[in-house]
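# Overview (structure and organization)
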Amino acid sequence: MPENLTPLNAIGEFALIRRLQAGFSLRQASTVLGIGDDAAIIAPTAGLEQVMTTDLLVEGIHFDLSFCPLRHLGYKAVAVNVSDVAAMNALPTQLVVALSVGPRFTVEAVEELYAGIRLACEAYNVDLVGGDTTASRGGLTLAVTVLGEVPAGQAARRSGGQPTDLLCVSGDLGGAFLGLQVLEREKQAFLADPDTQPELANYEYVVQRQLRPEARLDIVHELRELGIRPTSMIDISDGLASEVLHLCTASGTGARVFSEFLPLANPTLEAAAEFNLDPITCALNGGEDYELLFTVPVADHEKIKNHPDITVLGHLTDAAEGANLITKAGQPVPLKAQGWTSF
């Protein structure tokens, strides 16, 4: 280990916590007490409902530290949880982080991870209020739990969609999957020749979509400003097709998704062509885009039709019609969940 790096056992758990805590400040009025006691204290707020979500990220399963910088990993770990809060039409308020770390990590490495967490806390206006750290005989495991708030009765569930509701998505799709293909290719080139330098200059957009996705809290704010409450909503973590099917199952509906309306950014199209991949398949099954998929009544179409970052993909139908991708030729193709599976 280089002399300028500090082994974790040189300072111990509590000194590490004090070092990590020093970089964080509290922003939320509902945070009464943060890090430093047996538990945080969160004050309930009248007229609001609280939501809570958690995600577990495991080295070698969810991320590869050979191409994922620790600071990016810290940011992403927060963002993917904030995305789940946004999918409830809620805003994040507090989070806790649990960390299991192996002996190859140093104090400085953990501080770099938490630097990314701190950047995400600042970006999403959320307070880090606690967590846990422990040793691991293997790699790095990171668990983040986020609390959020939504006005009473305004939470968006997966189960609220109705036939004829418009099916909408924020942003663009497929980029994160193509970013992963680029990173995996460069990793293999490095393993074959350690003197090889990664060639990422032409892939900045898709690599960023993979390594540092952004939760779409901006869409939550903008929908509120437009006076729109989604009838159902979910974030796109496992692929568009999978998420459409989740909404349909929960809402008891079918869906028609029109392939010609799938939002695909030019860098995604270019990368797909280079890897000889169908960009529509990447959009449907790639996953990790962390965009918001939601439904609104047809009456709200006028409010969103000119929004530069919301695309109407299609609409919900009666359950008997099933969930289908409608090709440019007008042919229905049943949607299948072929994205990420945990086991």
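Residues numbered from 1 in each chain as written. Predicted model: local features only at pLDDT ≥ 70, side-chain atom pairs only at ≥ 80, totals over all residues. Heavy atoms only, no water.

Rules: UniProt positions are given in the numbering used here, feature names are shortened, and annotations may be inferred rather than shown by experiment.
Going by an unreviewed UniProt entry, the protein carries the name Thiamine-monophosphate kinase and comes from Hymenobacter ruricola. Listed under Function (unreviewed entry) in UniProt, the entry text for the protein is "Catalyzes the ATP-dependent phosphorylation of thiamine-monophosphate (TMP) to form thiamine-pyrophosphate (TPP), the active form of vitamin B1." Under the heading Sequence similarities (unreviewed entry), UniProt records this for the protein: "Belongs to the thiamine-monophosphate kinase family."

## Points about the overall build of the protein
The condition is simple: Strands are runs of DSSP state E lasting at least 2 residues, helices are runs of H or I lasting at least 4, and numbering of each runs from the N terminus. To get the radius of gyration, use the C-alpha atoms; to get the globule rule, take the number of residues to the power 0.38 and multiply by 2.2 Å. The buried label applies to any residue whose accessible area, calculated with a 1.4 Å probe on protein chains only, is under 20% of its type's maximum; exposed applies above 50%, and partly exposed to all values in between. Contacts are residue-level and defined by heavy atoms, with any inter-residue pair within 4.5 Å sufficient. Reported accessibility uses the Shrake-Rupley method at a 1.4 Å probe radius. Residues are deemed covered only where the shown protein chains occlude them. Neither His nor the chain termini are counted; the positive set is Lys and Arg, and the negative set is Asp and Glu. Working definition for charges: the position is that of NZ of Lys, CZ of Arg, CG of Asp or CD of Glu.
Helix and strand counts for the protein stand at 10 helices and 13 strands. Relative to the compact-globule value of 20 Å for 343 residues, the protein shows a C-alpha radius of gyration of 21 Å, a close match. The principal-axis extent of the C-alpha atoms belonging to the protein is close to 65 × 60 × 35 Å. The buried share of the protein, reckoned over its 343 residues, is 47%. Considering only intrachain contacts with a sequence separation of at least 6, the fraction spanning at least 24 residues in the protein is 86%. Within the structure as shown, the protein displays about 16,300 Å² of accessible surface, and the carbon and sulfur contribution to it stands at 53%. Each charge sign in the protein was given a centre, from 22 positive and 43 negative side chains, and these centres are 2 Å apart.

## Looking at the domain arrangement of the protein
How big an interface is tends to be reported as the loss of accessible area on association of its parts. The cut-off we apply is this: Either an automatic procedure or a domain database provided the assignment from which the domain bounds are taken. In this description, buried area is defined as the sum, over both parts, of the accessible area (probe of 1.4 Å) that is lost when the two are combined. By definition, a salt bridge exists where a carboxyl oxygen of Asp or Glu is found within 4 Å of a side-chain nitrogen of Lys or Arg.
Per the domain assignment, the segments making up the protein are domain 1 (8-151) and domain 2 (158-334). Spacing between the C-alpha centres of domain 1 and domain 2 amounts to 26 Å. Of the residues lining the interface, 24 residues belong to domain 1; the matching set on domain 2 comes to 23 residues. Taken together, the two surfaces of domain 1 and domain 2 that pack against each other cover about 2,000 Å², and 61% of this comes from carbon and sulfur. Counting the contacts that link domain 1 with domain 2 gives 2 salt bridges. A salt bridge links Asp64 to Lys187; its shortest N-O distance comes to 2.5 Å.

## So, helix α1 (residues 12-21)
Cut-off, in case you're wondering: It is the directions from the helix axis to the C-beta atoms whose arc is reported.
Here α1 has its buried residues at Ala15, Leu16 and Leu20. Down the axis, α1 shows its buried residues gathered within 135° of arc, on one side only. More than 90 degrees from the buried face of α1, the exposed residues found are Phe14 and Arg18. Where α1 is buried, its residues touch α3 (107-124).

## Some words on the side chain of Thr93
Mapping Thr93 onto the fold places it in strand β4 (residues 91-101). You can call Thr93 buried: its relative accessible area is 3%. The residues touching Thr93, leaving out its near neighbours within four places in the chain, are Gln28, Ser30, Asn125, Val126, Asp127, Leu147, Gly148 and Glu149.

## Thoughts on the sheet that holds strand β8 (residues 232-235)
Basically, it comes down to this: Pairing between two strands is assigned when DSSP locates at least 2 bridges connecting them. Whenever a helix is involved, its axis is fitted only over the stretch in contact; in every case the axis is a line through C-alpha atoms, and angles between N-to-C directions fall within 0 to 180 degrees.
The 7 strands are arranged β8-β10-β7-β11-β9-β12-β13 in an open sheet whose pairing can be described as mixed. Either end of the sheet is taken by a strand with one partner, and the two such strands are β8 and β13 (332-334). Averaged over all pairs of adjacent strands, the angle between strand axes in this sheet comes to 25°, irrespective of strand direction. In terms of strand pairing, strand β7 (residues 166-170) meets strand β11 (residues 310-318) through 5 bridges, oriented antiparallel. Note on β11: the bridge partner recorded for Leu167 is Gly314. The strands touched by helix α6 (residues 217-225) within the sheet are β7, β10 (292-296) and β11, with β10 carrying the most contacts at an inclination of about 20°. Sitting on the sheet, helix α7 (residues 240-251) touches β7, β8, β9 (253-258), β10, β11 and β12 (323-326), and the angle it makes with β8 is about 150°.

## Focus on the sheet that holds strand β3 (residues 48-58)
Overall, mixed pairing links the 4 strands, which are arranged β3-β6-β4-β5 in an open sheet. The sheet is open, and its two borders are formed by β3 and β5 (127-135), each paired with just one other strand. The sheet shows a mean angle of 15° between the axes of neighbouring strands, direction not considered. Direction of pairing for β3 relative to strand β6 (residues 141-151): antiparallel, over a ladder of 11 bridges.

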